[in-house]
Amino acid sequence: MVERFSLQDTEDLSPPQFFLSEDQISSYKEEGFLILRNVLPPHLMSRLSSGSSDLSATPCLHCAMTYYDTAPLLHSYDNVCQRPELIHHNFHEVLYRSPLAHISSQLMDNRPIRILRTLTLGSRAGQTIPLRWHADHAIFPGQRKCGDGLVVWMPIGNTSYADANGLVVLKKSHKIHEEMIDNGTWFENQGSVHGQRLHLEFYKSLVKTHEKEEPTLNPGDAILFDRCTVHSASGVNSRNIRRNSWQIRFFADPQKVERDLYKHHPSSDIMDEKNANEEGFLSGPHFPQIWPKTIPDEQHAIKQGHLLRTQQEWFLFMLGYPRHLVKSNVVRSAESLGFSLQHPLFSVLVRLGEILQIV
């Protein structure tokens, strides 16, 4: 059974403190990532592992729609769930009882922190997740800067190894990504599917000039990396073991509503005026504040289940994104057939789809 939370859990949700050293903060800003060992205590990791097992054993509409509500690249994973804390108490408890929000605040100039998204990603024991270098910059609010959003990535249950679909990052890659933003290259390409594929090819080329970090992460360890840091699953699973992970995306508050050049996918398109305060800053239960303290009204709306959609509501919502549905289903079919998205034929199909205005 998926364990929901109770309304009493809205009380006193402010996360604990965890102070970083100046060297750790400087290293993060220079390298684009920071690895922390044993940052989550065993009792929280036990809760996380139990919650993950529940989600795997109990399929639900909320998690199933993650494949269509987010980037099509997630179809390569065996099971995914966006914002599991909305439907399972364990994820909610770990999110708010861990020091990750305070840590993230220190890495983003001690600003207040809001939650953008959380996401669980799982693969089968014999499955190899493709190597696809990418950055998460586009899914964060604001497209004109790095440094004000980050990703926390941690393994659940099993140790994460580079030769078992583990996470790998390119050192200092956030700096060249910021150069792309400053010189306009990012905006020239981000407005089309073909342009986004050019970005992916560029990220892939950075392996020749940037050193890889291939950490071994035990349960309780976490790696935090900048929204502009280029990363990927390793593309190797010689150990033939499962990979199960949870990632949390935090952004520094305040963030102005800024309409993107391109509607990437439905979950990013809610960064609009409907979810902003009177000053035009993103706020409310879709993007709840977590540090330095939570906001009771936001938490109450979350616990009431107002952010969960029924089957009919999902159907009507997704009708507003016909091109995304086409792309997502094409990618899903390609993944199931073992068809590489880097294949030249796929590029031709993308250009044809853009000409016909169906992607």
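An account of the accompanying structure is given in this report. A quick note: this is a predicted structure, and the numbers were derived from the prediction, not measured. (Residues numbered from 1 in each chain as written. Predicted model: local features only at pLDDT ≥ 70, side-chain atom pairs only at ≥ 80, totals over all residues. Heavy atoms only, no water.)

Digging into empty space enclosed by the protein
Here is the rule we go by: Using a grid of 1 Å spacing that covers the protein atoms alone, one calls a set of points a cavity when a 1.4 Å probe fits there but cannot get out, and a pocket when the set is open and has protein on both sides within 12 Å along at least five of seven lines; lining residues are those with an atom within 4 Å of a point. Grid points are joined across faces, edges and corners, and a volume is the space filled by probe spheres set on the points. Nonpolar residues are Ala, Val, Leu, Ile, Met, Phe, Trp, Tyr, Cys and Pro. Charged residues are Asp, Glu, Lys and Arg, and all others, Gly as well, are polar.
Taken as a whole, this structure holds 2 cavities of 30 Å³ or more when the rule is applied. In this structure, the second largest cavity is lined by P155, N158, T159, S160, Y161, A164, I241, R242, R243 and N244. Its residues assigned to classes, the lining of the second largest cavity shows 4 nonpolar, 4 polar and 2 charged.

A closer look at a nonpolar patch on the surface
Here is the rule we go by: Patch construction takes residues with relative accessible area above 30% that form no salt bridge. Like charges are linked within 9 Å, and nonpolar side chains (Val, Leu, Ile, Met, Phe, Trp, Tyr) are linked within 5 Å. Here the accessible surface of atoms and residues is derived via Shrake-Rupley with a 1.4 Å probe, and residues count as covered only by protein chains that are part of the display. We define a salt bridge as a contact between a side-chain nitrogen of Lys or Arg and a carboxyl oxygen of Asp or Glu at a distance within 4 Å. The numbering of helices and of strands both runs from the N terminus, where a helix is a DSSP run of H or I of at least 4 residues and a strand a run of E of at least 2. Classification of residues uses two cut-offs on accessible area relative to the type maximum, computed with a 1.4 Å probe and protein chains only: under 20% is buried, over 50% is exposed, and between them is partly exposed.
Residues F315, L316 and L319 make up a contiguous nonpolar surface patch of roughly 340 Å² in combined accessible area. As for its placement among the helices and strands, L316 is situated in helix α11 (residues 311-318). For L316, a relative accessible area of 54% corresponds to the exposed category.

Some remarks on the pairing of strand β5 (residues 167-170)
Stated formally: The rule for pairing is simple: two strands pair if DSSP sees at least two bridges between them.
Every second residue of β5 is oriented toward a common face, with L167 and V169 on one face and V168 and L170 on the other, all of them buried. In this structure, β5 lies alongside strand β8 (residues 231-233), joined through 3 bridges in antiparallel fashion. Opposite V168, over in β8, you have S232 as the bridge partner.

What about the packing of aromatic side chains?
Stated formally: Two rings from Phe, Tyr or Trp (for Trp, the six-membered ring) form a pair when their centres sit within 6.5 Å of each other. Planes less than 30 degrees apart are called stacked, planes more than 60 degrees apart edge-to-face, and all others tilted.
In the structure shown here, the tally under the stated rule is 5 aromatic pairs. Between F91 and W246, the aromatic rings sit 5.3 Å apart at their centres with planes inclined by 80°, giving edge-to-face as the arrangement. With F91 in helix α5 (residues 89-97) and W246 in strand β9 (residues 243-252), this residue pair connects regions lying 155 residues apart in the sequence. Ring geometry for F251 and F287: centres 6.2 Å apart, planes at 70°, overall edge-to-face.

Some thoughts on the layout of surface pockets
Empty space within the second largest pocket amounts to approximately 230 Å³. Lining the second largest pocket are 15 residues, with L55, S56, C63, N79 and V80 positioned closest to its centre. Elements with a minimum of two residues in the lining of the second largest pocket: α2 (42-57), α3 (61-64) and β2 (79-82).

Observations regarding the pattern of salt bridges
In total, this model carries 17 salt bridges according to the counting rule given. In this structure, the salt-bridge partner of R37 is D221, at a minimum N-O distance of 3.0 Å. Here D221 lies in the loop between β6 (212-213) and β7 (222-226) and R37 lies in the loop between β1 (33-36) and α2, a separation of 184 residues in the sequence. When its relative accessible area of 47% is taken as the criterion, R37 is described as partly exposed. Looking at D221, the relative accessible area reads 3%, which means it is buried.

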